[in-house]
Number of protein chains: 2
Amino acid sequence: LLLLLSLVCCSAAASVDKPNLSKSFLPHYEPDGGDAVGSSQDTRLHVFTVDYDYVQIPYEVTLWILLASFAKIGFHLYHRLPRLMPESCILIAIGTLVGAIIFASDHKSPPVMSTSIYFLYLLPPIVLEEGYFMPTRPFFENFGSIIWWSVLGSLLNSFGIGLSLYGICQIEAFGLTDLNLLQNLLFGSMISAVDPVAALVVFEEASVNEPLYMMIFGESLLNDGITVVLYNIFIAFTQMHRYEEIESIDVFAGFARFFVVGLGGVLFGVVFGFLSALMTRFTHNVSAIEPLMVFMFSYLSYLSAETLYISGILAMTACAVTMKKYVEENVSQNSYTTIKYFMKMLSSVSETMIFMFMGVSTVGKNHEWNWAFVIFTLLFCLIWRTLSVFALFYISNKFRTYPFTLKDQLIISYSGLRGASSFSLAFLLPVNLFPRKKLFITATLVVIYFTVFIQGITIGPLVRYLDVRKTNKKESINEEIHVRLMDHLKAGVEDICGHWSHYQLRDKFKKFDNKYLKKILIREHQPKSSIVSLYKKMEIKLAIELAEGGMNISESSTAALQSGRNQQVHRLSPTEVKLMRDVLAHNLYQVRQR
Amino acid sequence: LLLLLSLVCCSAAASVDKPNLSKSFLPHYEPDGGDAVGSSQDTRLHVFTVDYDYVQIPYEVTLWILLASFAKIGFHLYHRLPRLMPESCILIAIGTLVGAIIFASDHKSPPVMSTSIYFLYLLPPIVLEEGYFMPTRPFFENFGSIIWWSVLGSLLNSFGIGLSLYGICQIEAFGLTDLNLLQNLLFGSMISAVDPVAALVVFEEASVNEPLYMMIFGESLLNDGITVVLYNIFIAFTQMHRYEEIESIDVFAGFARFFVVGLGGVLFGVVFGFLSALMTRFTHNVSAIEPLMVFMFSYLSYLSAETLYISGILAMTACAVTMKKYVEENVSQNSYTTIKYFMKMLSSVSETMIFMFMGVSTVGKNHEWNWAFVIFTLLFCLIWRTLSVFALFYISNKFRTYPFTLKDQLIISYSGLRGASSFSLAFLLPVNLFPRKKLFITATLVVIYFTVFIQGITIGPLVRYLDVRKTNKKESINEEIHVRLMDHLKAGVEDICGHWSHYQLRDKFKKFDNKYLKKILIREHQPKSSIVSLYKKMEIKLAIELAEGGMNISESSTAALQSGRNQQVHRLSPTEVKLMRDVLAHNLYQVRQR
């Protein structure tokens, strides 16, 4: 690890001195014969030669990824560490250490956490993984509450924090009077972005109940869109403010943008999702590239949305949700496994690197410390989040069959972890419009560090202490059949009552799906019922688990099995094994036929 | 497809006008407040905005990859096409079409096939896949023949073609007298590089016998190193030639480089391979990043080797061969599947893109046509390859137990397909040293097109016509056990005879491996015998195949099974199923215990 660390530092140190990175795009041999005339010694043939420029970009990317993986492996080597604190804390700490070493060696931080790196390369894998593995059923069952909470919550937080800070800025003793209202509102929108990565990592480890998880998930999904729109609007307003008045038409355009960004993102995602599903219909002879369809189409939806300044996060999530069902039916078992695990790997690496890069970028000359601003920012972040949670859930609970308990609300308000998105938005601020950009960066960092370290470490124990309902979901054929039966039943009851709700909607969509979409998007000769594919999936899972199972059995369970084995298992004769295999094979086939 | 094609063309057209690509590394918001003063209209808030520069690089990469995948899917949609010609031909044709469209729209080809893109991003996945899936046993069994043929073959071809062409250049009527000896030798070394991609694709489709396949595989593996060394030496000599005399020390340094490049590459690969295997020992809690270890360490070995100008291809292959055995024992079943299939996917995409890019880069203003040079190059390529094959195999056959037949030799000499490596080396030539670079590029392209199209299309039928022995390898426990028994037996016989050969060597290595390497590199609590892991692997494969099997069964076989089913299979009672599952689970466990 130390070796690698020093390698990274050296290479980073070598790279920061260069004016730009594009140099390494030059070919291996530059036609520099003219320069070499002076020193004929250089043209001698050497047995060893070094050309680092040529490989610089991929080399450094590889080293950073490896460093991140080593940090992750090291963190999990000791069993006690993961119980004490979330991974993110350690990663940020390691990042800060690396950043400090690099900074000490040449007084500059490497430009690892630039905004385009974050938004174009590091965020998409995480969004894709979240969207692809999102439990669609609970998401749509809690859809109303999610929209209500995430949209209004983000707006309340943004304006609340912005306006309160503007009030603080009026007090002359703090030396903040040069910050105007728009700048404060912009900072408010920036700092209110709850990070999808930081919060969900903690929640997944704590495995809380589904509605609670869906609230945080939905929030992180939608509030990116809202925050980025607010951020863009405020930047545009600040720009206008210098030259002319802001007219009411601009405010209307701002509102229109919300809808364009949100609905446009979803539309993009759905279209690309269907395209991707359609393509996998034709890949039966080239199954090697099946995973590519999933990754490339969803990335394309993200990039296309970003190009048009609409929410890439929403687009990618919508794309993943749309394609998932059809792609899974189409692709081969091996492609399916590859898609699933590679997605998990990518997002895990991205996550690791985001936290590490955040640590690295902390060290530098970008800071301006102001006690009042920093402390009041932190305070308002906490206050406004708690206020908005309790106010909004008080209202939304009146419409829910199972209201969120006070415990749930406490956890939601406590899980407002800020992360890389706020950080990279702060770095993005144009200096000419925001002369005190450094102050904003420092305050953002303090809020991030406070929420990730203090709240992140304590939220796990808090969940345990409050004894929040946990999830215990397990897939089984039986459950699946009963859930479907109940769905049909409820849809029927609603139909008779004349009440039009989401059971009806789902029933209608399923009929439409079976009649048209599946016929277009799914290959022919596939099993007709999804129950059969679920059975198949579980059989394979079982087979793999059986074979895997032996690998990690500890000594104690081995002894237990040892005694059990002698009693229960008799040796198998070859004919028995053959019969068994035949029966199993035909049994599977039989199910498919029905 | 057409839609995508036009998208690619548009974006490419948009990009070629820009002076450099580094512009898109700029952040989302450029601090351009100063510029905006003049046109206050621009600062109005818009509902829609477009910012293509920001996403340009990943967007275009994604589009190219998708275009390549579509070409691949389209090619395999019609069953007749793959039988008529290799994929590479169609891909080059599509590439040329795309290139022509882009060229027609703005008289410039997009810089897609630059040398760094080829050597840093497109080649490594292919090399990794080849190395990882290389059958190590036949490779080491034919090691002597492979070294003999690939090293001497490459040298013979390089010097043969170079010297013959120099002879042709002396005839004044052809207008080539300005080409000196060194330039011709360099061209010879460049054009004699048999392409690992083009040749092996054809061979895999034809599934020829193993020793034959290993010859071509070994050649493509080693001759890269040799060609690149020769190329570098000749470039250095050409440079020296202009200013001073070439001394004998330079020639010695040239020879030394061969060994440094070859052995250094292997050493690098082995070290990184062991490191990677060692790392996977500790990933049991973070199995999500297991595939990363394989991909990143092998890429790092490649890049490190390339930095030092030693053979990256050899390094990566050695790394893959070294790590494979240990990594497979360490990682989970799902990681194993992911590694395998993602590797195949990456290499398949790279391959597709290389051929397409070659097509795209063909169209342009880089050409100078000279009938004599082009035709004689083609002729000498064919003649020298045939000569060297028959001469070298005549000698090496005397030392082989199973000599290569004349048919085999004919196939080897006919499979000298040139591809992207020659092409990108030609593009790399410094113009100031090689004023007739365009002539070299044209001649290289003609040789590539001739070998890929004419030889590539006819080699399949030729293999079938000559009735070359084919491979029919199938994994089975039985075979594996017998092979091992025979190995031990042969090693024992050799020991008694006092004859020291590769059976002895293998036996010694296996003992060393069991005693030290495995203890260091493989996790504890793993099954001790590799026969058990083979059994497990095959059980899982069978389970997956069983479940998959139903998917592609045609109507006719369904009917056959239908009748069979009624006779053989009786319905299973729940107790029977439970018993069966128990027995299977314990059976697997039992084997592991032994």
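All residue numbers refer to position in the chain's written sequence, counted from 1. Each chain gets a letter, beginning with A, and each ligand a number, beginning with 1, in the order they are written. It should be noted that, the model being predicted, local features are given only for residues of pLDDT at least 70 and side-chain atom pairs only at 80 or more, the latter also being counted only at that level, while totals for whole chains, interfaces and linings use all residues. The side-chain values count all of the structure's non-hydrogen atoms but skip hydrogen atoms and water molecules.

Asker: Which parts of the structure should I look at to understand a nonpolar patch on the surface?
Answerer: Residue and element names in this part refer to chain A. A cluster of nonpolar side chains, Phe140, Phe143, Ile147, Trp148, Val151, Leu152, Tyr394, Ile395 and Phe399, forms an exposed patch at the surface whose accessible area comes to about 860 Å². Helix and strand definitions follow DSSP, with helices as H or I runs of at least four residues and strands as E runs of at least two, each counted in order from the N terminus. Counting residues per element, the ones that place at least two in the nonpolar patch are helix 7 (143–169) and helix 15 (371–396). Ranked by residue count, the leading element in the nonpolar patch is helix 7, at five residues. A residue counts toward a patch only above 30% relative accessible area and without a salt bridge, and it is joined to like-charged neighbours within 9 Å or, for Val, Leu, Ile, Met, Phe, Trp and Tyr, to nonpolar neighbours within 5 Å. In this description, accessible areas are obtained by the Shrake-Rupley approach with a 1.4 Å probe, and a residue is regarded as covered only by the protein chains that are shown. Put simply, a salt bridge is a Lys or Arg side-chain nitrogen that is within 4 Å of an Asp or Glu carboxyl oxygen.

Asker: Explain the domain arrangement of chain A here, please?
Answerer: Interface size, as often reported, equals the accessible area lost upon joining of the parts. Residues and elements named next belong to chain A. Domain limits in this description derive from either an automatic procedure or a database domain assignment. When cut into domains, chain A gives domain 1 (2–26 + 48–106), domain 2 (115–466), domain 3 (476–526) and domain 4 (529–594). Residue contacts follow a heavy-atom distance rule, with two residues in contact if any of their heavy atoms lie within 4.5 Å. Residue-level contacts link five residues of domain 3 with five residues of domain 4. Carbon and sulfur atoms supply 74% of the area that domain 3 and domain 4 bury against each other, a total of about 460 Å² over both sides. Contact with domain 4 buries surface across domain 3, with Ile477, Glu480 and Arg484 losing the most and accounting together for 75% of the total. Joining domain 3 to domain 4, the criterion identifies zero salt bridges. Here a polar contact is taken to be a pair of N or O atoms separated by no more than 3.5 Å, where protein atoms must pair a possible hydrogen donor with a possible acceptor and residues adjacent in sequence count only if both atoms sit in side chains. Applying the counting rule to domain 3 against domain 4 returns zero residue pairs in polar contact (both at pLDDT 80 or more). Here the residues of the side of domain 3 that touches domain 4 are counted per class, giving two nonpolar, one polar and two charged. Once two parts are brought into contact, the accessible area they lose, counted with a 1.4 Å probe and summed over both, makes up the buried area. Any residue that is not Ala, Val, Leu, Ile, Met, Phe, Trp, Tyr, Cys, Pro, Asp, Glu, Lys or Arg is counted as polar, Gly included; the first ten are nonpolar and the last four charged.

Asker: What is the right way to look at helix 5 (residues 115–132) of chain B in this model?
Answerer: For an α-helix, 3.6 residues make a turn, and residues three or four places apart therefore share a direction. Residues and elements named next belong to chain B. How far a helix is expected to stretch is found by multiplying one less than its residue total by 1.5 Å. Over its 18 residues, helix 5 extends 24 Å from the first C-alpha to the last, a length consistent with the 26 Å expected when each residue adds 1.5 Å. Along helix 5, the sharpest change in direction is near 45° and occurs at Leu123; proline Pro124 comes one to four residues later. We call a residue buried when its accessible area falls under 20% of the maximum for its residue type, exposed when it is over 50%, and partly exposed in between, using a 1.4 Å probe and counting protein chains only. For helix 5, a buried count of 16 out of 18 residues is recorded, marking the element as mostly surrounded by other parts of the structure. A residue's bend is given by the angle between axes fitted to the 7 residues ending at it and the 7 residues starting at it.

Asker: Sorry if this is basic, but what is going on with the confidence of the model for chain A here?
Answerer: Reading fine detail from the predicted coordinates is not recommended where pLDDT is low. All names here are of chain A. Every residue gets a pLDDT, meaning the predictor's confidence in that residue, from 0 to 100. Across chain A, the average pLDDT comes to 77, with 77% of residues at 70 or higher. Put simply, helix 22 (residues 555–568) is where chain A has its lowest mean pLDDT, 44, and helix 15 is where it has its highest, 91. Counted against residues more than four places away or in other chains, residues 550–569, with its pLDDT under 50, gives 19 contacts. Taken over the whole predicted complex, pTM reads 0.80, whereas the ipTM for its chain interfaces reads 0.77.

Asker: Looking at this structure, how should I read the pattern of salt bridges?
Answerer: A side chain with one charge may pair with a side chain of the opposite charge, provided their charged atoms come close. All told, the structure shown has twelve salt bridges over all chains when counted by the stated rule. Through salt bridges with shared partners, one network takes in Asp178, Glu368 and Arg436 of chain A.

Asker: Whenever I open this one, the packing of aromatic side chains confuses me. Can you help?
Answerer: The geometry of an aromatic ring pair is captured by the separation of the ring centres together with the interplanar angle, meaning the angle of the planes. Residues and elements named next belong to chain B. Each pair of aromatic rings taken from Phe, Tyr and Trp, with Trp reduced to its six-membered ring, is defined by centres within 6.5 Å and is described as stacked if the planes are under 30 degrees apart, edge-to-face if over 60, and tilted in the remaining cases. Applying the stated rule across the entire model yields 51 aromatic pairs over all chains. Each ring, one from Phe174 and one from Phe376, has its centre 5.9 Å from the other, and the planes form 50°; the classification is tilted. With a gap of 202 residues between them, Phe174 in the loop between helix 7 (143–169) and helix 8 (181–191) and Phe376 in helix 15 (residues 371–396) connect regions that are remote in the sequence. Taking the relative accessible area as the measure of exposure, Phe174 reaches 28% and is therefore partly exposed. Since its relative accessible area comes to 24%, Phe376 is described here as partly exposed.

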